[in-house]
Amino acid sequence: AGEYAILAKAGISATPSSYIYGNIAVSPIASTAMTGFDLTLDSSTQFSKSALIFAGNASHNGEAYAASYGGDIATVLTTAVGAMETAYTDAAGRLNSADDRIDLGGGILGGDYGGPDDDAALTPGVYT
């Protein structure tokens, strides 16, 4: 699951002003669940490209994957979704002992924790 900036089971939507840095994927659903990206299927038929998806930096496009593309990618995504679900279950079961991560900004992250007003990355931990 760590190979994707966004991995979803229900879909991913973008607007013309959206930019995503890193690969995205949907599974077990079809590529049509990724909307607003104007996807172009690669000749390998294992992924698509979009001008809104960048691969970690703005120098080249990232890739969009879907289980409906079949082949090896369907198996890879099934494994990734399983790992994502395991990670979610693990995180959901942890107690949040850090008061500064509980209801932080009413759901808006910023300041020391990153967000729209700050380029700082989120610090490791469970946010609730």
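In what follows, the accompanying structure is described. (Residues numbered from 1 in each chain as written. Predicted model: local features only at pLDDT ≥ 70, side-chain atom pairs only at ≥ 80, totals over all residues. Heavy atoms only, no water.)

### Description of the overall build of the protein chain
On a plain count of helices and strands, the protein chain comes out with 1 helix and 9 strands. For the protein chain, the succession of helices and strands along the chain, N to C, is β-β-β-β-β-β-β-β-β-α. Relative to its full complement of 128 residues, the protein chain shows a buried share of 31%. Long-range pairs, those at least 24 residues apart, make up 43% of the contacts in the protein chain with a sequence separation of at least 6. Summing over all exposed atoms, the protein chain offers an accessible surface of approximately 7700 Å²; the carbon and sulfur share of this is 55%. (Helix = DSSP H or I, 4+ residues; strand = E, 2+ residues; numbered from the N terminus. Buried < 20%, exposed > 50% of the residue type's maximum accessible area, 1.4 Å probe, protein only. Contact = heavy atoms within 4.5 Å. Areas by Shrake-Rupley, 256 points an atom, 1.4 Å probe, with all protein chains shown as cover.)

### Description of the pattern of salt bridges
Per the stated rule, a full pass over the model turns up 3 salt bridges. Put simply, Glu63 and Lys49 hold a salt bridge, and the shortest N to O gap is 3.8 Å. In this pair, Glu63 is assigned in the loop between strand 8 (53-54) and strand 9 (64-66) and Lys49 in strand 7 (residues 48-49), connecting sequence segments 14 residues apart. (Salt bridge = Lys/Arg side-chain N within 4 Å of Asp/Glu carboxyl O.)

### Side note on helix 1 (residues 71-92)
For helix 1, with 22 residues, the first-to-last C-alpha span of 32 Å sits near the 32 Å given by 1.5 Å per residue. On its buried side, helix 1 packs onto strand 1 (6-8), strand 4 (24-26) and strand 9. (Expected span 1.5 Å × (residues − 1).)

### Things to note about the packing of aromatic side chains
Enumeration over the complete set of coordinates arrives at 4 aromatic pairs. Ring centres of Tyr4 and Tyr65 lie 6.0 Å apart, and the angle between their planes is 75°; on these two criteria the pair is classed as edge-to-face. Here Tyr4, found in the segment before strand 1, pairs with Tyr65, found in strand 9; they are 61 residues apart in sequence, far enough to count as distant. Joined through ring pairs, the aromatic side chains of Tyr4, Phe47 and Tyr65 make up one cluster. (Phe/Tyr/Trp six-rings, centres within 6.5 Å; stacked < 30°, edge-to-face > 60°.)

### Overview of the side chain of Ser27
On the secondary structure map, Ser27 appears in the loop between strand 4 and strand 5 (34-35). In this view, Ser27 contacts Ala8, Lys9, Ala67, Leu77, Thr78 and Val81; residues no more than four positions away in its chain are not counted.

### Quick word on unusual backbone geometry
For the peptide bond that leads from Ser27 to Pro28, omega is 10°, which places it in the cis range. Mapping Pro28 onto the fold places it in the loop between strand 4 and strand 5. Backbone geometry places Asp38, a non-glycine residue, at a positive phi of 50°. Looking at where Asp38 falls in the secondary structure, it is placed in the loop between strand 5 and strand 6 (40-41).

### Notes on the environment of Asp90
Take Asp90: it is sitting in helix 1. Of the polar contacts made by the side chain of Asp90, one reaches the side chain of Arg94; its length is 2.8 Å. (Polar contact = N/O pair within 3.5 Å; in protein donor to acceptor, adjacent residues only side chain to side chain.)

### Digging into the environment of Thr45
Locating Thr45 in the fold gives a position in the loop between strand 6 and strand 7. On the basis of relative accessible area, Thr45 is assigned to the partly exposed category, the value being 37%. Along the backbone, Thr45 and Gly71 are 26 residues apart, and their C-alpha atoms lie at a distance of 8.9 Å.

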